[in-house]
Amino acid sequence: MSETADGISNRAAADLLAALVAIPSVNPGFRQPGDPDDWFNEARVGDFVARWLRDIGLEVEVDEVAPERPNIIARLKGTGGGPRMLWEGHLDTVQVTGMEAPFAPRIENGRLYGRGAVDDKGCLTAFMLALASLVADPPAGDVTFVAAADEEYRFAGITHFLQRGEAYDLGVAGEPTSLGIVRACKGCVRWHVEILGRGAHSAKPHEGIDAMVAARHLLTAFEADMAKRTETHPLLGSATLVCTGFESGEGPNTVPPRAKLRFDYRFLPNETGEAVWRHFKDLTAAVAADHPGARFNVIEPFIDSSAMDVADSASVVTLFDGVCRGHGIDPTPIGVPYGSDATKMVNVGDIPTIIFGPGSIDQAHALDEFVEIAEVAECARMLAEAARLAGRT
């Protein structure tokens, strides 16, 4: 494929991506003490995206999800008769702890490095370049592009957009998939359990109620429960549970009066976060019965992101099957254990959606995050091609 095919060049991809990476947009949910305020600026990168899209001739709306946290919505009118397509990428990135120069994009050996290069500004770049190509040669169907706020923490941006109730025939959520077709992903539910015991001098432990011991017993019960599970999904494997946080202990000579645990459960498409949480709440109650005097508080989930499983026969899957084949890419759909805004598009918006984009998920959130520039440009060409082919099927 030529480096300038469909009017989309590797140079254009590098320039646009570098401009996006240079604008910090860390999700404020990841703020650490001492972090500069200007790192947390989805509004600023959103303003850049909005101006760029207006400059190529698109109708653009800036829709504030929360103060200084907008969705950027661009609409391209088709020539008529084609399906309505929703493209979605996200403006925010994760934290930059340990990175030397996260917002100073650099290019080495065809790769662009910097926070957000692959997650998700490589996808934003691909969508934007594809739209520029489509302005010059529109598809039959309308294309709406949403650059959403808050994908990395609470999915507020896409949830806010879907409340409009707009109908779409198919969707693409931009995440790094190495240009593969992702049609299934696990859901995620996260919650805390707080255990309140009773402190005592460690020389007289029998006078206290050790919250750390109770927490250990809870972990053992959860592990035993998971070990009994045999259900798997052909693309996703098994559900998983991880204790991602454990806080306990006071003085060196005190029986721990309190413990707090944080859990992350990745569930299969036949489960819901609510049902999962209630199951482990009941299991916690059973453990609590063996610890009289201790109080176990199971706090409601702070994250509940659904799973998805889009059929092989869905129009968006078969459309990208053809596009991938034409570009020499394996079209076999895959599943992934991580979540994205795609699940909301499928389960809330009722939009058959795939996850698709340049770069590897292995580089997402990494200290040396990068994306291959040529792959970003190739993704843009594939998106533009898919939009045009959709009107002919």
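Since we're looking at a predicted model, the values are computed, not measured.

K.L.:
Help me understand the packing of aromatic side chains, please; the structure alone is not making it clear to me.
P.N.:
Where two aromatic rings form a pair, the distance of their centres and the angle of their planes describe that pair. Counted under the stated rule, the structure contains 12 aromatic pairs. Ring geometry for F127 against F145: centres 5.3 Å apart, planes inclined by 40 degrees, an arrangement best described as tilted. One end of the pair, F127, is in helix α3 (residues 121–136); the other, F145, is in strand β6 (residues 143–148), with 18 residues separating them in the sequence. The exposure class assigned to F145 is buried, which follows from its relative accessible area of 0%. What links up through ring pairs into an aromatic cluster is the set W191, F222, F263, Y265 and F280. For the cation-ring pair, R31 lies above F40, with the distance from its terminal atom to the ring centre recorded as 4.1 Å. The ring of Y168 is capped by R84, whose NZ or CZ atom sits 4.6 Å from the centre of that ring.

K.L.:
Could you clarify how one ought to interpret the side chain of T144 in this entry?
P.N.:
By the secondary structure assignment, T144 is in strand β6. On the basis of relative accessible area, T144 is assigned to the buried category, the value being 3%. Beyond its immediate sequence surroundings of up to four residues, T144 is in contact with I73, A74, R75, R84, M85, L86, W87, F161 and Y168.

K.L.:
Quick question: what am I supposed to make of the pattern of salt bridges here?
P.N.:
When the charged atoms of two side chains lie near each other, side chains of opposite charge can form a pair. Here the structure, examined in full by the defined rule, presents 24 salt bridges. Two residues, R31 and D37, come together in a salt bridge whose shortest N-O distance is 3.2 Å. On the basis of relative accessible area, D37 is assigned to the exposed category, the value being 59%. When the shortest N-O distance is used, the salt bridge between R115 and E369 registers 2.6 Å. Here the residue R115 occupies a position in the loop between β5 (111–113) and α3, and E369 occupies one in the loop between β16 (353–355) and β17 (370–372), the gap between them amounting to 254 residues. Accessibility expressed as a relative area gives 2% for R115, which makes it buried. The exposure class of E369 is buried, given its relative accessible area of 1%. A single network of salt bridges, built from pairs that share partners, joins E61, D63, R75, R164 and E166.

K.L.:
Teacher, can you tell me more about the sheet that holds β17 here?
P.N.:
Hydrogen bonds between backbone atoms are what pair the strands of a sheet, whose relative direction is either parallel or antiparallel. An order of β4-β5-β17 is seen for the 3 strands of this open sheet, with the pairing classed as antiparallel. The strands lining the two open edges of the sheet, one partner per strand, are β4 (106–108) and β17. With strand direction ignored, the average angle separating the axes of adjacent strands in the sheet is 25 degrees. Sheet contacts for helix α9 (residues 373–390): β4, β5 and β17; angle to β17, the most-contacted strand, approximately 60 degrees.

K.L.:
What is the right way to look at the nonpolar core in this model?
P.N.:
Formed by 85 residues in total, the largest nonpolar core has its most connected members in V49, L53, W87, F145, F320, F356 and L383. When residues of this core are assigned to their parent elements, the largest contribution, 11 residues, is made by α9. Each residue touching F356, except ones within four places of it in the same chain, is listed here: C123, V172, A173, G174, E175, T177, L179, G180, F320, C379, M382 and L383. Within the second largest apolar cluster, 33 residues are counted, among which are A214, L236, F280 and A294.

K.L.:
Mind showing me how you'd approach helix α6 (residues 273–288) here?
P.N.:
Turn by turn, an α-helix covers 3.6 residues, leaving residues three or four places apart pointing in a common direction. If you check α6, its first and last C-alpha atoms are 22 Å apart, about what 16 residues at 1.5 Å a residue would give, namely 22 Å. Restricting attention to buried positions, one finds in α6 the residues G273, V276, W277, F280, L283, T284, V287 and A288. Along the long axis of α6, the arc covered by the buried residues comes to 145 degrees, so they all point the same way. Against β9 (187–196), α5 (211–227), β10 (240–248), β11 (258–267), β12 (295–298) and β13 (303–305) lie the buried residues of α6.

K.L.:
Just to check I follow, could you spell out the state of the cysteines for this structure?
P.N.:
Throughout this description, disulfide means a covalent bond between two cysteine sulfur atoms. For the structure shown, the criterion picks out 0 disulfides. There is no disulfide at C123, and the cysteine sulfur nearest it, in C379, is 6.1 Å away. Exposure remark for C123: the relative accessible area of 1% places this residue in the buried category. Among the residues examined, C379 registers a relative accessible area of 2% and is labelled buried.

K.L.:
Would you explain the environment of L383 in this entry?
P.N.:
Within the element layout of this structure, L383 appears in helix α9. With relative accessibility at 1%, the residue L383 sits in the buried group. In this structure, L383 is in contact with W87, A126, F127, A130, V172, F320 and F356, ignoring residues within four places of it in sequence.

K.L.:
What am I meant to see in the pairing of β9 here?
P.N.:
Along any regular strand the residues' side chains alternate between the sheet's two faces. Most of β9 is tucked away: 8 of the 10 residues are buried. Note: β9 against β11, 10 bridges, orientation antiparallel. Along β11, the bridge assignment pairs L196 with R258. Where β9 meets β13, 3 bridges bridge the pair, whose relative direction is antiparallel. Following the sheet pairing, C188 is matched in β13 by S305.

The rules behind the values
- Residues numbered from 1 in each chain as written.
- Predicted model: local features only at pLDDT ≥ 70, side-chain atom pairs only at ≥ 80, totals over all residues.
- Heavy atoms only, no water.
- Phe/Tyr/Trp six-rings, centres within 6.5 Å; stacked < 30°, edge-to-face > 60°.
- Helix = DSSP H or I, 4+ residues; strand = E, 2+ residues; numbered from the N terminus.
- Buried < 20%, exposed > 50% of the residue type's maximum accessible area, 1.4 Å probe, protein only.
- Lys NZ or Arg CZ within 6 Å of the ring centre and 35° of its normal.
- Contact = heavy atoms within 4.5 Å.
- Salt bridge = Lys/Arg side-chain N within 4 Å of Asp/Glu carboxyl O.
- Pairing = 2+ DSSP bridges.
- Axes fitted to C-alpha atoms, helices over the stretch in contact; angles between N-to-C directions.
- Core = buried A, V, L, I, M, F, W, Y, C linked by side-chain atoms within 4.5 Å.
- Expected span 1.5 Å × (residues − 1).
- Arc of directions from axis to C-beta.
- Disulfide = S-S within 2.5 Å.

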